[in-house]
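Inside the fold
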Amino acid sequence: MVTETARSKSPIRWHIAVFLAPAVLIYTLVMILPLFGTLQLSLYRTIDGVRQFVGIDNFRTLFGDPRWSASFWNALGNNVWFFIIHMVVQNPIGIALAAILSHPKLRFAAFYRTAIFIPTVLSFVVVGFIWKLILSPLWGVAPWMMDLVGLKSWFTPWLGKEEYALTTLGLISVWQFVGIPMMLIYAALLSIPDEVIEAAEMDGITGMSQFWKIKLPLILPAIGIISILTFVGNFNAFDLIYSAQGAMAGPNYATDILGTFLYRTFFGFQLQLGDPNMGATIASMMFFIILAGVCVYLFAIQTRLRRYQF
Amino acid sequence: MSTATHSPARTFAAHAVLIAYTAIALFPVLLIVINSFKSRNAIFRSPLALPTPENFDLIGYATVLKQGDFFLYFQNSLIVTVVSLFLVLLFGAMAAFALSEYRFKGNTLMGLYLALGIMIPIRLGTVAILQLMVASGLVNTLTALILVYTAQGLPLAVFILSEFMKQVSDDLKNAGRIDGLSEYRIFFRLVLPLVRPAMATVAVFTMIPIWNDLWFPLILAPSEETKTVTLGAQIFIGQYVTNWNAVLAALSLAILPVLVLYVIFSRQLIRGITSGAVK
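Another point: the overall build of chain A. Along chain A, the regular secondary structure elements total 14 helices and four strands. Since a compact globule built from 310 residues should have a radius of gyration of about 19 Å, the 25 Å found for chain A marks it as more spread out than a globular shape. Sequence separation of at least 24 residues holds for 66% of the intrachain contacts in chain A that already meet a minimum separation of 6. Computed over 19 positive and 15 negative side-chain charges, the separation of the two mean positions in chain A equals 5 Å.

Now for the domain arrangement of chain B. Domain boundaries assigned for chain B yield domain 1 (3–62) and domain 2 (69–239). Here domain 1 of chain B and domain 2 of chain B have C-alpha centroids that lie 36 Å from each other.

Further remarks concern the interface of chain B and chain A. Listed per partner, the contact involves 92 residues of chain B and 98 residues of chain A. Across the interface of chain B and chain A, roughly 8800 Å² is buried in total on both sides, 80% from carbon and sulfur atoms. Here chain B and chain A share one salt bridge between them. A salt bridge links D239 of chain A to R123 of chain B, with the shortest nitrogen-to-oxygen separation between them at 2.9 Å. In this structure, the connection of chain B to chain A is made through 16 residue pairs in polar contact (both at pLDDT 80 or more). A total of 17 residues in the side of chain B that touches chain A trace back to one element, the largest contributor, which is helix α1 (residues 8–35) of chain B. Partitioned by chemical class, the residues of the side of chain B that touches chain A number 66 nonpolar, 18 polar and eight charged.

A few words on the confidence of the model for chain B. Residues and elements named next belong to chain B. Put simply, chain B has an average pLDDT of 86, and 94% of its residues get 70 or more. No element of chain B has a lower mean pLDDT than helix α13 (residues 244–274), which averages 79, and none a higher one than helix α4 (residues 70–101), which averages 93. Among the prediction metrics, the complex's ipTM stands at 0.85, with pTM recorded as 0.85.

Relative to the helices and strands, I26 of chain A resides in helix α2 (residues 14–41). Judged by relative accessible area, which is 14%, I26 of chain A ranks as buried. Considered as a pair, I26 of chain A and A222 of chain A are 196 residues apart in the sequence and their alpha carbons are 31 Å apart. Each residue touching I26 of chain A, except ones within four places of it in the same chain, is listed here: M31 of chain A together with F91, L147, T150, A151 and L154 of chain B.

Residue and element names in this part refer to chain A. In this structure, F108 is a non-glycine residue whose phi angle is positive, near 60°. For F108, the position within the fold is in the loop between α4 (66–101) and α5 (109–121). Even without being glycine, N252 reaches a positive phi, approximately 50°. Within the secondary structure, N252 sits in the loop between α12 (239–245) and α13 (258–267). We classify N252 as exposed; its relative accessible area is 57%.

In terms of nonpolar packing, the biggest core is built from 190 residues, with W139 and I185 of chain A together with F216, L220 and L251 of chain B touching the most fellow members. It is α4 of chain B that contributes the most residues to this core, 15 residues altogether. Contacts of W139 of chain A, omitting those with residues within four sequence positions, involve L133 and I134 of chain A together with L31, I32, N35, I43, F44, P47, W244 and L248 of chain B.

All names here are of chain B. Here the structure, examined in full by the defined rule, presents 37 aromatic pairs over all chains. Summarising the aromatic geometry, the rings of F187 and F188 are spaced 4.8 Å apart at their centres and angled 70° between planes, so their arrangement reads as edge-to-face. Of the residues examined, F187 reaches a relative accessible area of 0% and is grouped as buried. Overall, the relative accessible area of 41% leaves F188 in the partly exposed class.

Moving on to the domain arrangement of chain A. All names here are of chain A. If you check the domain split of chain A, you get domain 1 (3–53) and domain 2 (65–304). Averaged C-alpha coordinates put domain 1 and domain 2 at centres separated by 33 Å. Every contact between the two is made by eight residues of domain 1 and, on the other side, seven residues of domain 2. Together domain 1 and domain 2 conceal approximately 610 Å² of surface at their shared face, both sides included; 66% is due to carbon and sulfur atoms. For the domain 1 face of the interface with domain 2, the top three residues by lost area are T38, L39 and S42, together amounting to 58%.

Now for helix α6 (residues 124–135) of chain A. The end-to-end C-alpha distance of α6 of chain A is 16 Å, a good match for the 16 Å that 12 residues give at a rise of 1.5 Å each. Of all 12 residues in α6 of chain A, 10 are buried; the element is thus mostly enclosed.

Rules behind the numbers
Residues numbered from 1 in each chain as written. Chains lettered and ligands numbered in written order. Predicted model: local features only at pLDDT ≥ 70, side-chain atom pairs only at ≥ 80, totals over all residues. Heavy atoms only, no water. Helix = DSSP H or I, 4+ residues; strand = E, 2+ residues; numbered from the N terminus. Rg over C-alpha atoms; globule rule 2.2 N^0.38 Å. Contact = heavy atoms within 4.5 Å. Lys, Arg positive; Asp, Glu negative; His and termini not counted. Charge placed at Lys NZ, Arg CZ, Asp CG, Glu CD. Domains from an automatic or database assignment. Buried area = accessible area lost by both parts, 1.4 Å probe. Salt bridge = Lys/Arg side-chain N within 4 Å of Asp/Glu carboxyl O. Polar contact = N/O pair within 3.5 Å; in protein donor to acceptor, adjacent residues only side chain to side chain. Nonpolar A, V, L, I, M, F, W, Y, C, P; charged D, E, K, R; others polar. pLDDT = per-residue confidence, 0-100. Buried < 20%, exposed > 50% of the residue type's maximum accessible area, 1.4 Å probe, protein only. Core = buried A, V, L, I, M, F, W, Y, C linked by side-chain atoms within 4.5 Å. Phe/Tyr/Trp six-rings, centres within 6.5 Å; stacked < 30°, edge-to-face > 60°. Expected span 1.5 Å × (residues − 1).

Below, the structure written as structure tokens:
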């Protein structure tokens, strides 16, 4: 402590700057400045080769021009549905698996954990194509499997049908990422002290009711973190849709989400030329949406969650 | 623990659920790998059977290795991942040490500033990042990717590592100071070795998204010489859609390295998560 106070009196402690500099420099140059650069670009437009400040005109185009706004609302709506699928399917399954895994005397728990996490480490490209092949009517693995349980008549080429494609992709993404909520909840469950569980058992609360009444309230903060991670991940998603359906997010834009919409706008596709300024406008909208979600989480949800200290 | 919670029926049900889900998680991956070793006929006739000596066929792998320059892609991915990982760990640990060890004006603010990147994805800055790379002549170089991935990995690394560095004993560091060690030596000699487990956790979390990323290679480095495995596989599969042997082989080749790395590091990863690194 003596050295600490002596140190803080010395005028400039260069080593602090040296320790911080590389990280802060790279982070600022490659991440923060481009983020603001993108926000700034959305306020400009190139007219006849000259870059002009146009204020919020690009946003007006995005929302006012029927062609742009139709695409934007379609992508946003699809993105919301994509997020809902994750919240309703992925997170409950993850929590359930974690609850089973965290049972203290369960055997092979390490094996199950490792195996269930494997899809999460695969790349989107691989996952997209694996499922494209499996669901392909050409190969016939999916119809054959459904035949085993007598549901063959239910099979259709899900990825090719407008009404099912997005939900199918959502479920594929759930398949890939269920490991993340599972692991985080598992960690949260393990950190509940044994005394709390024992006290509950003394009071006769066991099994399912123990989970609902004792454990679930204790892991709510972890569930909150998972929800916001899912939100950020989903509204930033691109790779899976791009590798399974291409930049056109077919069939007929039924699987278009903000990420693919941004990509198409920025780089152009088929006959339409790429438009960096409109791309920046869409990226800015994504930024505001994600920021809004993070703020809702930080200020409305996280502060209201009750945290228990042991 | 009371015996009531461990009835055999309950244990059986738990295993049944877990086995079922493990099958769901592994089946698609196994299906691809198994079929990549079969002849075209066998792929379609009996997709679920293991390869037998009669229908064992490596034609898919031969096509992939002949057509796509997968060794080059693999090398690119490896360079990008390893260098970014090294920079993230080094710079991240240095910044985390500064934030957790010293009290200075703006410490909290700097911590918040660096943590911003955990929630806001770097992808949203793509338009300006591309302009930056074009302006500095870094388009289609691995350097561009390395810079982006380093920036992307730093926020989480700083956040996790500073949590761990707070736990390193002050007495140890002060003993070092009394012995005349410089602050740099204290960091490299005393603190870094002690947070090695945390570094391994950060390494795994940083590595997976870099290796698997499609977005930045597609935008910043799509040239033949700088393609990564993920991008290379994506393009190759797009071109060979109808050649099932080649597609299955390419997928298997893309799966294997990650799988091997994961199995090696899985214990570390799971320990990192369960020890509260990301709670």
